[in-house]
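# Tertiary structure, described
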Amino acid sequence: MKLKIFHTPPPVSDTERPVPRWAMRLAYALPLLLLPSCLWRLPFALHFEMGQVHDVDMPPYWVSIPYVLGLSVLSEAIAVLTIGLVRGWGEVAPAWIPIIGGKRIRPMAAAAPAVLGGLILTLLFTNVPIGDGRSLTTLYGIVDSAGYTSDAWQALATVCITPISAWGPITIALGIAYYRRRTAPSPGHRP
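### What to know about the overall build of the protein chain
A tally of helices and strands in the protein chain yields 5 helices and 5 strands. Per-residue burial for the protein chain yields a buried fraction of 29% across its 191 residues. Of the contacts formed within the protein chain by residues at least 6 apart in sequence, a portion of 65% connects residues at least 24 apart. Approximately 12600 Å² of the protein chain is accessible, and the part contributed by carbon and sulfur atoms is 69%.

Shown next as structure tokens:
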């Protein structure tokens, strides 16, 4: 008897070639991986600082609410788009899209933005702690980490924010797997 604890992935019959199981799982897990950081951000929109100690004042509500909500929705929308790298709608544009609807998508048209976006995300979210409340980031050099009023708030922040650092490498891996799968010669093809 097989236990049905985990959701079985949808059939991959809508793709030209079979999608590796690891790629399917990563693509579907990515939006869930980013969800804690999106939820962590939401209280900041209403000026609840989640135990952080800030030297500067929060922006007015008319700035903070749309910014934080927009950032969270945009993050999740981009994460959901990576599912297209393992599904048929990433190979043939859906019919409802004007001009390109129903047309085959070239492998580089999807893989290049995925890999480039993954590289940018990796640069944005790479953070190496170096001690004394400071960390080394790729874009900003050495920066001071935010202080927290208690260890519990800091632990919660770490648990919620840390998974976002995997976003870039996962997107790169999915983009490369997409390109390799789409450009591989067919089994019966002779050069």
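### Concerning a nonpolar patch on the surface
Taken together, the side chains of Leu32, Leu35, Leu39, Leu42 and Leu69 define a hydrophobic patch exposed on the protein surface, amounting to about 440 Å² of accessible area. Element by element, the count of residues in the nonpolar patch is highest for helix H1 (residues 21-45), at 4 residues.

### Comments concerning the packing of aromatic side chains
For the structure on display, the rule yields 3 aromatic pairs. Pairing Phe125 with Trp167 gives two aromatic rings, centres 6.1 Å apart and planes at 20 degrees, and the pair type is stacked. Separated by 42 residues along the polypeptide, Phe125 in helix H3 (residues 107-125) and Trp167 in helix H5 (residues 167-183) bring together distant segments of the chain. Judged by its relative accessible area of 28%, Phe125 falls in the partly exposed class. Residue class for Trp167 comes out buried when judged on its relative accessible area of 4%.

### A few points about helix H2 (residues 61-81)
In this model, H2 (21 residues) spans 30 Å end to end at C-alpha, consistent with the 30 Å of a helix rising 1.5 Å per residue. Every buried residue of H2 is accounted for by Ser64, Val68, Ser72, Ser75, Glu76 and Ala79. The arc that holds the buried residues of H2, viewed along the axis, is 90 degrees, so those residues lie on one side. When the buried face of H2 is taken as reference, the exposed residues oriented beyond 90 degrees from it are Trp62, Tyr67, Val73, Leu74 and Leu81. Looking at the buried positions of H2, the neighbouring elements they touch are H1 and H5.

### Thoughts on the pattern of salt bridges
On inspection of all chains with the given rule, the structure shows 3 salt bridges. Residue Arg104 is joined to Glu16 by a salt bridge in which the shortest nitrogen-to-oxygen separation is 2.0 Å. With Arg104 in the loop between H2 and H3 and Glu16 in the segment before H1, this residue pair connects regions lying 88 residues apart in the sequence. Looking at Glu16, the relative accessible area reads 44%, which means it is partly exposed. Overlapping salt bridges, with partners in common, bring together Glu16, Arg104 and Arg182 in one network.

### As for the side chain of Arg41
Structurally, Arg41 is set in helix H1. Although Arg41 is buried, it makes no salt bridge; Glu76 carries the closest opposite charge, 7.5 Å away. Once residues within four sequence positions are removed from consideration, Arg41 is found in contact with Val68, Leu71, Ser72, Ser75 and Ile164.

Definitions and limits used
- Residues numbered from 1 in each chain as written.
- Predicted model: local features only at pLDDT ≥ 70, side-chain atom pairs only at ≥ 80, totals over all residues.
- Heavy atoms only, no water.
- Helix = DSSP H or I, 4+ residues; strand = E, 2+ residues; numbered from the N terminus.
- Buried < 20%, exposed > 50% of the residue type's maximum accessible area, 1.4 Å probe, protein only.
- Contact = heavy atoms within 4.5 Å.
- Areas by Shrake-Rupley, 256 points an atom, 1.4 Å probe, with all protein chains shown as cover.
- Patch = residues over 30% accessible without salt bridge, like charges linked within 9 Å, V, L, I, M, F, W, Y side chains within 5 Å.
- Salt bridge = Lys/Arg side-chain N within 4 Å of Asp/Glu carboxyl O.
- Phe/Tyr/Trp six-rings, centres within 6.5 Å; stacked < 30°, edge-to-face > 60°.
- Expected span 1.5 Å × (residues − 1).
- Arc of directions from axis to C-beta.
- Lys, Arg positive; Asp, Glu negative; His and termini not counted.

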